[in-house]
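# Structural description and commentary
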Amino acid sequence: MAKYTVLITTRSFGKIVSEPMERLRRERLHILEWREETGLGIDDLKEKVRQADAWIIGNFKIDAQLLENAPRLRVIAKHGVGVDNIDIPAATQKGILVTIAPGANDQAVADLTMGLLLSLARKIPQADASVKSGQWERFLGLGLPGKIMGIIGLGHIGQNVARRAKGFDMEILAYDPYLPEEIARKLGITQTDFDTLLRKSDVISLHAPLTPETEGLIGERELSLMKEGVLVVNTSRGKIIQEKALYQGLTSGKVAGYATDVFEVEPPLGSPLLKLPNVVATPHIGSYTRDGLRMMGNLVVDSVLKVFRGEKPEFIINPEAYRYRSFPRKANPDRP
Ligand code: NAD
């Protein structure tokens, strides 16, 4: 496969766990890197995109303009599952497949979700800071058993969170308009309408993807329906919740605590949320575990290699792309 070029722009692919990168090297693929944190210019990226047959991407935004001069690109392989940073229609029109790496994140993100919830419920960050500063204060916590957790988006991650929360003897309510009733029933989870979930839940955990429908899903109206003293956990996407309305809710006491791995703008420099004592924040590390990275990296490599072999990758977001261009395309003849 020496004739093909793979562009890597994710921060983590091949960095912590070397196995996925070694698989690419074993295939003698030409590897170009433009890591999100290295500060290389956009012109440098454009030149690399021009040469690339495959693009392994993290959270960097791929818009239509970037795809304008990508004559060889046949697959954009997302190192993760959220594809809101990729202009899918633009890729489809150009016959570029977009693939995801599902399943790799589920456990890791669900674990972090429970960690964030426990941090809020038992005030672990405050207690830690207090003990380390020489104090011996006591922090009154909220018990989880018997409380209702409302899960918005009962997909891979939502289901793993539900399983864990059941282990904490919580009751689960779920809202997911696209999930077949049968799946929730098999899991023993009660599905409900959106407003009922907001009204009844003691804890609300967000696990829907960011789409035009879910952008700003939780705003002033939704917050007003929630229970007084509700806890909200967000490991999905920052833009699903309107941070300005949330700030009001957190300062008025309506929302007792917000724990989040994601923000409207990342990093959230200057965000007023960071100044609130009842906010716990992590820097989008939901899937950042060694096991998760290994599985995610290998799924990404599987997709890329399949496309190069002229096979259909398993997790394609836009199979319509096949209609716009015939595969396989010719390999790069002027590759160094
Ligand atoms: P998934 O596709 O398996 O599940 C998403 C679920 O949301 C689906 O069941 C879908 O039907 C449902 N849904 C869609 N629109 C909805 C709506 N309007 N209201 C309620 N539910 C709706 O995805 P997943 O693997 O569970 O991941 C969920 C999201 O988590 C991803 O889209 C991504 O944004 C986020 N994520 C974050 C991290 C992190 O590091 N924090 C890591 C991985 C994923």
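Reading the values: the criteria
Residues numbered from 1 in each chain as written. Predicted model: local features only at pLDDT ≥ 70, side-chain atom pairs only at ≥ 80, totals over all residues. Heavy atoms only, no water. Pairing = 2+ DSSP bridges. Helix = DSSP H or I, 4+ residues; strand = E, 2+ residues; numbered from the N terminus. Patch = residues over 30% accessible without salt bridge, like charges linked within 9 Å, V, L, I, M, F, W, Y side chains within 5 Å. Areas by Shrake-Rupley, 256 points an atom, 1.4 Å probe, with all protein chains shown as cover. Salt bridge = Lys/Arg side-chain N within 4 Å of Asp/Glu carboxyl O. Domains from an automatic or database assignment. Buried area = accessible area lost by both parts, 1.4 Å probe. Polar contact = N/O pair within 3.5 Å; in protein donor to acceptor, adjacent residues only side chain to side chain. Nonpolar A, V, L, I, M, F, W, Y, C, P; charged D, E, K, R; others polar.

Attention now moves to the sheet that holds strand β7 (residues 171-175). By definition, the strands of a sheet pair up through backbone hydrogen bonds, in either a parallel or an antiparallel sense. Read across the sheet, seven strands follow the order β8-β7-β6-β9-β10-β11-β12 without closing on themselves; strand pairing throughout is parallel. Single-partner strands in this sheet number two, and they are β8 (190-191) and β12 (279-281). Where strand β9 (residues 203-206) lies against strand β10 (residues 230-234), four bridges are found, and the strand directions are parallel. From the neighbouring strand, leucine 206 faces β10, where its bridge partner is asparagine 234.

Taken together, Ile16, Ile285 and Tyr288 make up a surface patch of nonpolar side chains, about 250 Å² in accessible area. Positionally, tyrosine 288 belongs in the loop between β12 and α12 (290-308).

Next up on the list: the domain arrangement of the chain. Taken domain by domain, the chain consists of domain 1 (5-104 + 289-323) and domain 2 (106-281). Centre-to-centre, using C-alpha coordinates, domain 1 lies 31 Å away from domain 2. Of the roughly 490 Å² buried at the junction of domain 1 and domain 2 (both faces included), carbon and sulfur atoms supply 46%. Our count for the domain 1 to domain 2 interface comes out at one salt bridge. Applying the counting criterion to the domain 1 and domain 2 interface returns one residue pair in polar contact (both at pLDDT 80 or more). Along the lines of polarity and charge, the residues of the side of domain 1 that touches domain 2 split into one nonpolar, four polar and two charged.

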